[in-house]
Amino acid sequence: GELTVTRGAAKLSTLSNLGHEVLESSGETRAYSLFPEDKARVHGFTSTGKQVTLEDCQVSDSQFHVPGIPETIYRASVVYLGAWFGSADEARFDEVAIDLADLAQWTRVSGFKTQIHGTEQEETGYFVLEATDIHVEPPDPIQIPLGDSGEASIEFTMHHSNQGGLVPTGVEVTQTASFHLRFSEPKPIEDVFESVGHIRNFLSFAVGRPVSVASVTVFKNDLVRPGSAHRQPGRVLWEIKHNPDPAPRPRAPHEMLFTID
């Protein structure tokens, strides 16, 4: 089958189908529904070997071609990338990390320090650049107390890439921020959705415009990488209501209603 996710809306297109509902069974005789059966849960692999769980898969279309092979389309309400869950009770999470537009600017924290060295030409008065020193260091996380309901923090990550291969002609270093929420006890996916909505709405109020959710990553303390003690992160995708496209440019702190400091 082929899985496509567009703005969180998941569509699984399969050859044939994933089975029909048994309407009647008597001895060796069984009667099946004409239309393929909805599935509460579907497990699969991506082309790169990553585990996928689809929740609440409802049949939206089923066609039979003569000659040919039947085709069925399922719509899933939730997609988990990185794990198989056998039941809704297994899909309970200890932590969620949310990437939001404008979050990095809202913190007013930067891991970059720059010094420019040069001289001013006497004849023209122009400043001539001779050297630039750039020091990059990930900022410490910002801890946010929540009392007995859990812990929250804003954590920073640096991303680095060279241009030009063995003979670098440029270096790009970017800083991103993500909002981490650690629950006092494992929470079902519905509570994760609610928490993401609350955080997105709060940041939208602070920034002064609708903020888009770029990605959501979930963690389970008992779900670790094979042969490791490190937790296995998993992406979760669903159709987030009123989630706008990212704005053409980040909003500067002075344009916001208020910042974290």
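In this report, we go over the structure that sits alongside the text.

Reading the values: rules and limits
Residues numbered from 1 in each chain as written. Predicted model: local features only at pLDDT ≥ 70, side-chain atom pairs only at ≥ 80, totals over all residues. Heavy atoms only, no water. Phe/Tyr/Trp six-rings, centres within 6.5 Å; stacked < 30°, edge-to-face > 60°. Helix = DSSP H or I, 4+ residues; strand = E, 2+ residues; numbered from the N terminus. Buried < 20%, exposed > 50% of the residue type's maximum accessible area, 1.4 Å probe, protein only. 1 Å grid on protein atoms, 1.4 Å probe; cavity = no way out; pocket = protein on both sides within 12 Å on 5 of 7 lines; lining within 4 Å. Points joined across faces, edges and corners; volume = space filled by probe spheres on them. Nonpolar A, V, L, I, M, F, W, Y, C, P; charged D, E, K, R; others polar. Pairing = 2+ DSSP bridges. Contact = heavy atoms within 4.5 Å.

1. Details of the packing of aromatic side chains
To describe a pair of aromatic rings, one takes the distance between the centres and the angle between the planes. Throughout the structure, instances matching the rule amount to eight aromatic pairs. Both rings, one in Trp106 and one in Phe202, keep their centres 6.0 Å apart while their planes meet at 85°; by these two values the pair is edge-to-face. Pair noted here: Trp106 is in helix H1 (residues 103-107) and Phe202 is in helix H2 (residues 189-207), with a separation of 96 residues, a long-range link. Residue Phe202 is classed as partly exposed on the basis of its relative accessible area of 44%. A connected cluster of aromatic rings, assembled from ring pairs, spans Trp106, Phe202, Phe205 and Phe258.

2. Here's the deal with empty space enclosed by the protein
Here the structure, examined in full by the defined rule, presents one cavity of 30 Å³ or more. Considered as a void within the structure, the largest cavity measures approximately 70 Å³ in volume. For the largest cavity, the lining is made up of 13 residues, of which Ala83, Phe85, Val218, Leu223 and Gly234 are closest to its centre. Broken down by secondary-structure element, the contributors of at least two residues to the lining of the largest cavity are strand E8 (78-81) and strand E15 (213-219). By residue class, the composition of the lining of the largest cavity is nine nonpolar, three polar and one charged.

3. Quick notes on the pairing of strand E13 (residues 150-163)
Summarising the sheet, strand E12 (residues 142-145) and E13 pair through four bridges and their orientation is antiparallel. By the bridge assignment, Gln143 is partnered in E13 with Ser153. The turn joining E12 and E13, which pair antiparallel and follow one another in sequence, is formed by four residues; a positive phi near 75° is taken by Gly147. Two elements, E13 and strand E14 (residues 170-188), share 14 bridges in a ladder whose sense is antiparallel. Its bridge partner being in E14, Met158 is matched across the sheet by Gln175. Linking E13 back to E14 in an antiparallel pair, the connection comprises six residues, with Gly164 at a positive phi of about 105°.

4. Things to note about the side chain of Ser204
Positionally, Ser204 belongs in helix H2. Given the relative accessible area of 13%, Ser204 is considered buried. Leaving out residues up to four positions away in the same chain, Ser204 has contacts with Arg209, Pro210 and Val211.

5. A short note on unusual backbone geometry
For Ser16, which is not glycine, the phi torsion reads 65° and is therefore positive. Considering the arrangement of structural elements, one finds Ser16 in the loop between strand E2 (9-15) and strand E3 (20-26). Since its relative accessible area comes to 31%, Ser16 is described here as partly exposed. Even without being glycine, Asp56 reaches a positive phi, approximately 55°.

Bear in mind that shape data such as this cannot, by itself, settle questions of function.
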